[in-house]
Amino acid sequence: MEPSQDQHLKTTNDEQIDKVIKEEADDQNGESRQPPDLQTVAELGVKPETSACTPPLAQSQLGPAPVPHDSLLKQEEEPHETHSFEWCWDKKSTTRTCNKAGTVEGLLKRSPEFSKIAKRNKNKELVIVRDGKAISSHFPCSLIKDEQLTIKYVKAVDGPKQPPSGSDRCQRKGPSSELVMFHLLTRGGTNVVKMMRNQAIRNDFEEITVYAYRGEKVKRALKRDGRLGNMVFTKNCALYNKNTKVTTEMSDLVDDLDGKTFRIILLNKSSPPDSQPSSLDDADTTPNESQRSDSEGNRDALQQSTTAESVNVNTPKQKAGLDGQKAPEILLHEIANSKEMQTYLSSQIKDLVKGKKSQPVSRLSHVQNFYRVDYGKNAETCRAVKTMKTLMELSNSVCHVRVNNTAKGSGFLLFDKFVLTNGHVLKNIYNEKTRQLTEKVTVHFSFESLGQYESGALVEEVAGFERGHDVSGHQHDWALLRISADQNLPEGLLTHFGFLPQSGGICIIGHPGEGVKKVDPCFIIPTENRNQVVERHRRENPEGALPHNFDYRKNNIIQLITPRFFEDVKNEVQNRQELTYESCFTGGSSGSPVFDDGCNVVAMHSGGYAYRNARGESHSVIDFGYPLSGIIEHIIVQMVKRERFDVLKKYLACDYKHKQQMKANVKELVESRNLSAFMKCPVDTNDESLKEFFEFFSQREVSVPMDT
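The shown structure was predicted, so the numbers you read here are calculated from the model rather than taken from an experiment.

*Asks:* How would you explain the overall build of the chain if you had to name every residue and give the values?
*Replies:* The helix and strand tally for the chain stands at 21 helices and 27 strands. Burial analysis of the chain (708 residues in total) assigns 44% to the buried set. Taking as baseline every contact in the chain between residues at least 6 positions apart, the subset at least 24 positions apart corresponds to 70%. For the chain, the computed accessible surface area is about 38,500 Å², with 49% contributed by carbon and sulfur atoms.

*Asks:* Just give me the short version of the pairing of strand E9 (residues 246-249), but keep the residues and values in it.
*Replies:* By the bridge criterion, four bridges tie strand E8 (residues 236-241) to E9 in an arrangement that is antiparallel. Note that in E9 the partner of alanine 238 across the bridge is glutamate 249.

*Asks:* Go over helix H7 (residues 112-120) with me, naming the residues and quoting the values.
*Replies:* Residues of H7 that are buried: Phe114, Ile117 and Ala118. The buried residues of H7 occupy an angular sector of 100° when projected down its axis, which confines them to one face. Away from its buried face by more than 90 degrees, H7 exposes Pro112, Lys116, Lys119 and Arg120.

*Asks:* Residues and numbers for the side chain of glutamine 638, please.
*Replies:* By the secondary structure assignment, glutamine 638 is in helix H18 (residues 628-641). Owing to a relative accessible area of 12%, glutamine 638 belongs among the buried residues under this scheme. Among the polar contacts made by the side chain of glutamine 638, one reaches the main-chain amide nitrogen of phenylalanine 465 at a distance of 2.9 Å. Filtering out sequence-adjacent residues up to four positions away, glutamine 638 remains in contact with Ala463, Gly464, Phe465, Glu466 and Trp478.

*Asks:* Could you give me a rundown of the environment of threonine 586, with the residues and numbers involved?
*Replies:* Residue placement: threonine 586 occurs in the loop between strand E24 (579-581) and strand E25 (593-595). Distance from threonine 586 to glycine 607, taken between C-alpha atoms, is 8.5 Å for residues 21 residues apart in sequence. If we skip the residues at most four places from it in the chain, threonine 586 touches Pro512 and Gly513.

So, how was this worked out
- Residues numbered from 1 in each chain as written.
- Predicted model: local features only at pLDDT ≥ 70, side-chain atom pairs only at ≥ 80, totals over all residues.
- Heavy atoms only, no water.
- Helix = DSSP H or I, 4+ residues; strand = E, 2+ residues; numbered from the N terminus.
- Buried < 20%, exposed > 50% of the residue type's maximum accessible area, 1.4 Å probe, protein only.
- Contact = heavy atoms within 4.5 Å.
- Areas by Shrake-Rupley, 256 points an atom, 1.4 Å probe, with all protein chains shown as cover.
- Pairing = 2+ DSSP bridges.
- Arc of directions from axis to C-beta.
- Polar contact = N/O pair within 3.5 Å; in protein donor to acceptor, adjacent residues only side chain to side chain.

Printed below as a string of structure tokens:
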């Protein structure tokens with residue numbers, strides 16, 4: 001359990017609150033440390049002074065004040081999920097493993113071998129190649145997982161310059177799920193000249209990859225990247241997708257650009273239209289000139305960080321506000337009468353502890369009862385060896401879904417050559433009108449260890465797709481993918497189909513965090529207990545939460561950490577028809593099969609109510625999965641309506657335990673919606689299974705009068 005806010009405010013008699021601001025400790029070089037940043041002070045209970053017109057929370061959302069160099073280093077070292085990648089130089093590969101947030105170049109510089117290479121090429125520009133595309137040196141390392149990077153050096157366009165403060169680091173904090181990646185062709189459209197700052201990159205690479213944060217604008221992402229020339233920003237340029245024929249302007253958000261490739265075009269020869277700075281993106285202070293990599297000017301950056309001037313608490317510094325005017329920087333001061341307050345609170349705590357010790361204690365204390373119940377829950381998570389062996393065999397049918405070799409989700413072989421996953425996994429790359437994929441999709445069944453290479457099976461078509469509400473108001477989110485048969489496929493999991501249990505243990509197998517295949521045993525949350533789970537999260541986070549779901553924030557106009565999120569979740573989960581549970585699986589696991597205690601596939605893991613609390617921790621209130629029975633019913637209905645009898649024949653050829661019950665359920669659905677497509681068999685079919693199938697649906701039950 002994380003410490004509460006009250007616990008953070010406790011200090012000992014020997015500690016002085018004013019030390020938070022005045023403490024000076026020598027580092028290894030003998031230089032004095034920079035003052036702590038605002039986040040560090042806030043964690044220790046010291047509240048910074050804020051302007052009367054803007055609350056502290058709103059200020060933190062608009063953008064942080066300039067922080068010292070060591071604060072950036074501290075931010076860079078925030079822990080995240082461990083991941084690895086290989087980097088290659090001169091046909092020699094080396095592995096790097098990381099569990100702290102930072103940049104690709106920052107992680108590479110920890111390698112002595114890379115340091116030697118960088119020293120030999122100190123007058124050249126570093127180029128990092130990922131999947132044939134050049135990425136920036138400040139590319140977030142969390143986006144590089146189980147991949148191979150190639151290191152190259154090209155001729156620098158100018159001499160080393162001092163990079164902007166923190167330019168080689170991620171500009172914002174957040175999980176990799178908040179990031180998007182898109183690609184730019186290094187050759188622009190008509191009249192787009194000198195698009196790249198360094199023409200060597202244009203000559204050697206066809207594309208570059210740019211990262212961005214959800215909710216920011218295209219222009220800000222391109223400026224941060226630093227490899228584009230000034231004309232991209234001084235002329236009225238835009239991004240053009242040759243596949244969709246859609247143009248994206250510089251003022252548009254980056255959220256829908258993930259995984260797409262664009263060419264920079266010139267809309268007209270006029271200057272970009274002026275706009276009022278309504279957000280941090282418009283108030284961008286990033287220079288038009290490129291941000292240099294760590295290999296350029298790093299000695300100057302080190303000198304600047306170690307000789308930085310101390311903060312003058314008497315004279316406020318001026319910095320540019322969002323309106324373009326100068327505003328005083330936030331200053332930190334000692335809380336008035338803090339020493340007296342500390343002494344008083346300490347005495348109160350001592351009296352409280354003394355009073356608690358003097359109270360009579362029952363034979364079995366509440367603490368003992370708590371641990372006894374908790375131990376019982378832990379015992380329930382145990383699985384029989386036989387069960388785990390069966391699950392391990394069934395895990396061979398679980399796959400990693402990738403778009404252009406980039407992890408997007410999970411899935412599993414349902415029957416024959418058909419893989420089931422979530423519809424939102426194919427978001428932005430599947431056209432429902434033409435029923436065509438716009439990007440290359442592959443599935444990988446054997447991704448179980450880092451560094452493992454597998455070409456995967458190519459997705460040839462999307463045989464079925466449904467994402468949204470049906471006529472009855474129920475939500476659906478599935479896609480049925482037909483894959484190529486040029487490799488041996490595992491067993492389809494339809495033969496292990498089961499209906500939803502009401503309670504008990506379940507087990508999810510998938511690829512959370514876009515990583516290797518993993519298993520998560522957890523428990524079903526019955527409908528009557530869902531509100532209790534929401535209330536527990538509300539109590540643990542009294543300050544509120546910021547939802548991870550960008551669509552939720554956009555529709556509800558929620559950009560700050562508020563308690564409203566928990567109230568919305570409480571109102572929604574009670575009406576969900578899906579299976580609910582608490583899982584540790586994160587983004588990338590959508591489409592994973594959910595097994596019950598009998599190793600039957602009962603649902604498909606699809607999402608959850610994820611949030612970030614005031615302490616910056618990521619959690620999920622409740623996760624949910626769509627019942628497999630409902631998905632199969634809708635697959636059958638859609639195949640008949642679309643006359644995809646080839647798919648229907650493959651389904652009918654698969655025998656499983658509850659096949660007759662599922663046929664009866666589909667018939668009930670067909671009759672309730674009066675679907676005429678089921679009433680007659682296709683004329684040109686000679687397949688006995690299809691004839692029997694349609695004969696079953698053409699039969700009308702005759703009501704028999706009851707005996708009196």
